[in-house]
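# Overview (structure and organization)
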Amino acid sequence: MHSMDALFKALSDETRRQLLDRLRQRDGQTLTELEAALGMTRFGVMKHLKVLEAASLVVTHKAGRFKYHYLNAAPLQSAVDRWIEPLTRQPLTRVILDLKAELERTFAVENIKPDFILETFIRTTPEKLWEALTSAELSRRYNIRGTEIHGQFETGGKYEHRTSDGKVMVSGEIFVADRCKRLEMSFLPSWFGPDLKPSRIVYEITPLDEVTKLTILHYGIPEGHEGLKGAWAQIASSLKSLLETGEGLHFFAERG
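This write-up is about the structure you can find in this document. Computed from a predicted structure; not experimentally measured.

### Here we look at the pattern of salt bridges
Tallied over the full model, the rule gives 13 salt bridges. In this structure, E119 engages K213 in a salt bridge whose closest nitrogen and oxygen atoms are separated by 3.8 Å. Linking E119 in strand β3 (residues 116–122) with K213 in strand β9 (residues 211–219), this pair joins segments that are 94 residues apart in sequence. Judged on exposure class, the residue E119 and its partner K213 are both buried. Across the pair E244 and K240 runs a salt bridge, and its minimum N-O distance is 3.0 Å. With E244 and K240 both in helix α9 (residues 227–245) and four residues apart, the pair spans about one turn of that helix. Judged by its relative accessible area of 30%, E244 is partly exposed. Counted as one network, the salt bridges with shared partners bring together E137, R140, R141 and E148.

The following block contains the structure:
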């Protein structure tokens, strides 16, 4: 689990900041790609990546024969929430959900590289985390614009994100619903054209002693729409706040 000490130690080195910049520009790079970009030895890059992983600033995902590295925004978002968010209290303005991905429903995510990964550690149980991900009342308290999630959270079911007046903002199908372990579903925003095919999101839930690790993976994010990563970081941070303190972040969820 990351700590503030590990976070600031990781950020104190210029080379590690350059690695994060490389991943911010293009997520999901291999060790070989990062080595070539920095002009360092393989051992040197591995050493710096190890420090970044210890701070949870970098997470990895293996697809096929390759291991990919991703910038994980959750620790940085936690630092922002701790010191900056209480001062600003501004509504979310940077969400861009222009998802024009074309993914087939039958693909196997185990062998495909995700476009985005976020990991966060929450002082809660897998059962309570699952409830927060699938409950209309709880999702309203941390979700974007206070939308509520409704659906049949079982394999083969369907779900919708609805506003307080009943408008459907996002809909999709449930591909995998392994209670308290894994939720995999399509993601189709309603405000785009009828020809849009859904992207795919995966929530992985892992118990770790007194905390639960939540990993969010998103497949099919189109190039040029990096705002979605910021949205995921704030959703995860607001969810963490709700489960640990009983209240989602002020700037993100509706009250009531």
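### Here we look at the environment of I149
Tracing the backbone through its elements, the reader meets I149 in strand β4 (residues 148–151). Placed 14 residues apart in sequence, I149 and S135 show a C-alpha to C-alpha distance of 6.5 Å. When residues no more than four places from it in sequence are discounted, the contact partners of I149 are L133, T134, S135, A136, S139, Y159, E160 and H161.

Definitions and limits used
Sequence order as written defines residue numbering, which begins from 1 separately in each chain. Only residues with pLDDT of at least 70 are given local features in this predicted model, and only at 80 or more are side-chain atom pairs given and counted; all residues enter the totals for whole chains, interfaces and linings. Hydrogens are left out, water is left out, and the side-chain values use all remaining heavy atoms of the structure. The salt bridge criterion pairs a side-chain nitrogen of Lys or Arg with a carboxyl oxygen of Asp or Glu, the two atoms within 4 Å. In this description a helix means any DSSP run of H or I spanning at least four residues, a strand means any run of E spanning at least two, and both kinds are numbered starting from the N terminus. Only protein chains enter the area calculation, which uses a 1.4 Å probe; residues under 20% of their type maximum are buried, those over 50% are exposed, and those in between are partly exposed. Whether two residues are in contact is decided by their heavy atoms: any pair within 4.5 Å suffices.

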